[in-house]
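# Overview (structure and organization)
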Amino acid sequence: MGNSFGERFVNAIQAVYDKGFKNVITIGNDSPQLKTAHLLKANAQLAKGKTVLGPSTDGGFYLMGLHKDNFDTNLFQRLPWQRFSLFRRISLLLKASRSELFQLPVLHDIDTREDIVVMLNYINSVSNKVLQIFRRIVQKLSASSARDVNLYAFLFTRLTLNKGSPNTLYFLITTKGL
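Bear in mind the structure is a predicted one, so any value in this text is a computation, not a measurement. (Residues numbered from 1 in each chain as written. Predicted model: local features only at pLDDT ≥ 70, side-chain atom pairs only at ≥ 80, totals over all residues. Heavy atoms only, no water.)

## Some thoughts on the overall build of the chain
If you tally the helices and strands in the chain, you get eight helices and four strands. Tracing the chain from N to C terminus, the helices and strands come up as α-β-α-β-β-α-α-β-α-α-α-α. Evaluated residue by residue, the chain yields a buried proportion of 42% over its 178 residues. Considering only intrachain contacts with a sequence separation of at least 6, the fraction spanning at least 24 residues in the chain is 64%. Split by element, the accessible area of the chain, about 10100 Å² in all, is 55% carbon and sulfur. (Helix = DSSP H or I, 4+ residues; strand = E, 2+ residues; numbered from the N terminus. Buried < 20%, exposed > 50% of the residue type's maximum accessible area, 1.4 Å probe, protein only. Contact = heavy atoms within 4.5 Å. Areas by Shrake-Rupley, 256 points an atom, 1.4 Å probe, with all protein chains shown as cover.)

## Side note on the sheet that holds strand E2 (residues 51-55)
If you walk across this open sheet you meet the four strands as E1-E3-E2-E4, and the pairing is mixed. The open sheet terminates on both sides in strands that have one partner only, identified here as strand E1 (23-27) and strand E4 (101-103). Strand-to-strand twist in this sheet, taken as the mean axis angle between neighbours without regard to direction, amounts to 15°. As judged from the three bridges shared by E2 and E4, these two strands associate in the parallel manner. From the neighbouring strand, valine 52 faces E4, where its bridge partner is phenylalanine 102. The sheet strands contacting helix H4 (residues 86-96) are E2, strand E3 (61-67) and E4, and the helix crosses E2 at an angle near 170°. (Pairing = 2+ DSSP bridges. Axes fitted to C-alpha atoms, helices over the stretch in contact; angles between N-to-C directions.)

## Notes on the pattern of salt bridges
With the rule as written, the count across this model stands at one salt bridge. Between lysine 50 and glutamate 100 there is a salt bridge, with the nearest N and O atoms lying 3.8 Å from each other. With lysine 50 in the loop between helix H2 (36-47) and E2 and glutamate 100 in the loop between H4 and E4, this pair connects stretches of sequence that are 50 residues apart. (Salt bridge = Lys/Arg side-chain N within 4 Å of Asp/Glu carboxyl O.)

## Brief notes about the pairing of E3
The buried fraction of E3 is high, at seven of seven residues. Of the pairings in the sheet, the one linking E1 to E3 comprises five bridges and is antiparallel in character. Looking across to E3, one finds that isoleucine 25 is bridged to glycine 65. Taken together, E2 and the strand that follows it, E3, pair antiparallel across an intervening segment of five residues, in which glycine 59 is found at a positive phi of about 95°.

## Considerations on the nonpolar core
Ranked by size, the top nonpolar core spans 19 residues in total, and within it Phe61, Met64, Phe76, Trp81 and Ile90 carry the most contacts. Looking at this core, the elements that each hand over two or more residues are helix H1 (5-18), E3 and H4. If we skip the residues at most four places from it in the chain, isoleucine 90 touches Leu53, Phe61, Met64, Phe76 and Leu79. In this structure, Ala42, Val52, Leu63 and Leu107 belong to the second largest nonpolar core, which totals eight residues. (Core = buried A, V, L, I, M, F, W, Y, C linked by side-chain atoms within 4.5 Å.)

## Quick look at the packing of aromatic side chains
Enumeration according to the criterion identifies seven aromatic pairs in this entry. Measuring from ring centre to ring centre gives 5.5 Å for tyrosine 17 and phenylalanine 71, while their planes differ by 50°; the resulting arrangement is tilted. Here the residue tyrosine 17 occupies a position in helix H1, and phenylalanine 71 occupies one in the loop between E3 and helix H3 (73-77), the gap between them amounting to 54 residues. Given a relative accessible area of 2%, tyrosine 17 falls into the buried group. (Phe/Tyr/Trp six-rings, centres within 6.5 Å; stacked < 30°, edge-to-face > 60°.)

## Some remarks on H1
In this model, H1 (14 residues) spans 20 Å end to end at C-alpha, consistent with the 20 Å of a helix rising 1.5 Å per residue. Taken together, the buried positions of H1 are Phe5, Gly6, Phe9, Val10, Ile13 and Tyr17. The arc that holds the buried residues of H1, viewed along the axis, is 125°, so those residues lie on one side. Considering only its buried residues, H1 is in contact with E1, E3 and H3. Two residues or fewer after H1 comes glycine 20, characterised by a positive phi angle close to 105°. (Expected span 1.5 Å × (residues − 1). Arc of directions from axis to C-beta.)

Quick look at the structure:
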């Protein structure tokens with residue numbers, strides 16, 4: 001529940017803590033480079049008492065591993081969600097709370113059509129299934145009519161305004177049959 005992405009994100013984390021959990025790992029739905037190894041590393045670092053952030057190239061993060069003791073709903077709701085300064089601001093907030101921060105490698109996320117092209121340059125770090133989808137999208141865009149291009153531009157425009165939202169998943173489902 002909440003009116004903004006930040007409110008919904010923070011409320012979801014609080015709901016997990018309200019169920020009695022002490023640690024939460026959140027992940028983005030727009031980071032195709034995310035691997036099981038990143039989740040295992042985050043879990044191991046949480047077990048050592050550290051807070052974990054996986055930064056993304058756009059200034060946000062693709063993963064956050066957080067202890068209940070380091071979470072303040074009011075402070076987290078005031079963060080610049082869906083802005084390029086999010087990673088820096090959340091890092092400062094966590095350091096101010098004396099949280100020992102562990103940083104995972106920087107990964108790419110997908111917010112625009114250009115992000116897909118960039119991801120194709122990192123073929124070794126993306127699963128084959130995701131690469132197949134990307135290749136179909138690029139091929140379809142290259143050989144498509146103006147009507148098709150407008151559809152994709154509309155979907156990607158929505159993505160740039162709503163980073164990290166289910167619209168990314170919607171796009172991938174919508175274009176799967178290309």
